[in-house]
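Structure assessment
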Amino acid sequence: MNHVEKILRPPAGFASCAALFLLFLASDLSYASLEPRLGSARVVFQTNYGDIEFGFFHEIAPKTVDHIFKLVRLGCYNTNHFFRVDKGFVAQVADVSQGRSAPMNEEQKFEAQKTVVGEFSKVKHVRGTLSMGRYSDPDSASSSFSILLGDAPHLDGQYAIFGWVTKGEDTLKNLEEVPTRREGIFVMPTERITILSTYFYENEMLSMNTTVKNVLYHATF
């Protein structure tokens, strides 16, 4: 081996190290396109039209999930309501700072004022997904979110999906039957759909391997 070859030849194990490094980069860059896997935590909204249970995609939208889960733990969604019900499109929960009928304590107010960065992914907006509401600022999501009542591909990549309805299809159908009125771009129920109370639990029988791939990844990106 001449001197030039010695300089240019990579050290032993370089190829395997480089491969591992590239694999790490690929996994990091593809973070937003991970398969949506539900964790074991479940949240239940008890409404005057029935219960809705959902789980979280923590790997897809970790900051969003942590924020929403904290609001639930603090009871911020209690006495809140669905201000929007557009059949075949969305049922949207009001911002807790404006939609509750009960006053908030200081801790609830503090948390309700926070916003979360837009964690946009390649997960599809289809019936059953939970998607954050926001203003034109992509990082303006706070506490309002929508339950998709149908496929809405025009929302894909624009709004952060963070969870999935695991129980409550009958309740969603009940919400779609509520009389509505149109106000501008919003279709709103004519009677209050109240979130009476909320609770959460851990289902130890579930694991992070619980996926909804067949529903959410049915399209080619």
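What counts, and at which threshold
- Residues numbered from 1 in each chain as written.
- Predicted model: local features only at pLDDT ≥ 70, side-chain atom pairs only at ≥ 80, totals over all residues.
- Heavy atoms only, no water.
- UniProt positions renumbered as here; feature names shortened; annotations may be inferred.
- Helix = DSSP H or I, 4+ residues; strand = E, 2+ residues; numbered from the N terminus.
- Buried < 20%, exposed > 50% of the residue type's maximum accessible area, 1.4 Å probe, protein only.
- Salt bridge = Lys/Arg side-chain N within 4 Å of Asp/Glu carboxyl O.
- Phe/Tyr/Trp six-rings, centres within 6.5 Å; stacked < 30°, edge-to-face > 60°.
- Lys NZ or Arg CZ within 6 Å of the ring centre and 35° of its normal.

Where an unreviewed UniProt entry is consulted, the protein appears under the name Peptidyl-prolyl cis-trans isomerase, with the organism given as Platanthera zijinensis. One UniProt comment on the protein, placed under Sequence similarities (unreviewed entry), says "Belongs to the cyclophilin-type PPIase family." Per UniProt, the protein has the following entry under Function (unreviewed entry): "PPIases accelerate the folding of proteins. It catalyzes the cis-trans isomerization of proline imidic peptide bonds in oligopeptides."

**Focus on the overall build of the protein**
When helices and strands are counted, the protein shows 7 helices and 12 strands. Every one of the 221 residues in the protein was classed for burial, and the buried ones make up 44%.

**So, the pattern of salt bridges**
Counted according to the given criterion, the structure contains 10 salt bridges. With a shortest N-O distance of 2.5 Å, Arg37 and Glu59 are connected by a salt bridge. A residue pair is termed long-range when its members are at least 10 positions apart, and Arg37 in strand E1 (residues 37–38) and Glu59 in the loop between strand E3 (50–56) and helix H3 (62–73) qualify at 22 residues. Among the residues examined, Glu59 registers a relative accessible area of 24% and is labelled partly exposed. When the shortest N-O distance is used, the salt bridge between Glu169 and Arg127 registers 2.9 Å. On the criterion of sequence distance, the pair formed by Glu169 in helix H6 (residues 169–176) and Arg127 in the loop between helix H5 (106–112) and strand E6 (129–132) is long-range, its members being 42 residues apart. A relative accessible area of 25% places Arg127 in the partly exposed class. A cluster of three or more residues bridged by salt bridges with shared partners is formed by Lys70, Glu111 and Lys114.

**Digging into the packing of aromatic side chains**
Each aromatic ring pair is summarised here by two numbers: the centre-to-centre distance and the angle between the ring planes. Following the criterion strictly, the structure yields 11 aromatic pairs and no others. Considering the side-chain rings of Phe45 and Phe54, the 5.3 Å spacing of their centres and the 80° angle between planes classify their relative orientation as edge-to-face. When sorted by exposure, Phe45 lands in the same class as Phe54, which is buried. With 5.8 Å between their ring centres and 85° between their planes, Phe54 and Phe56 make a pair best called edge-to-face. The pair Phe54 / Phe56 is uniform in exposure class, with both members buried. The ring of Tyr159 carries the charged tip of Arg134 above its face, separated from the ring centre by 4.6 Å.

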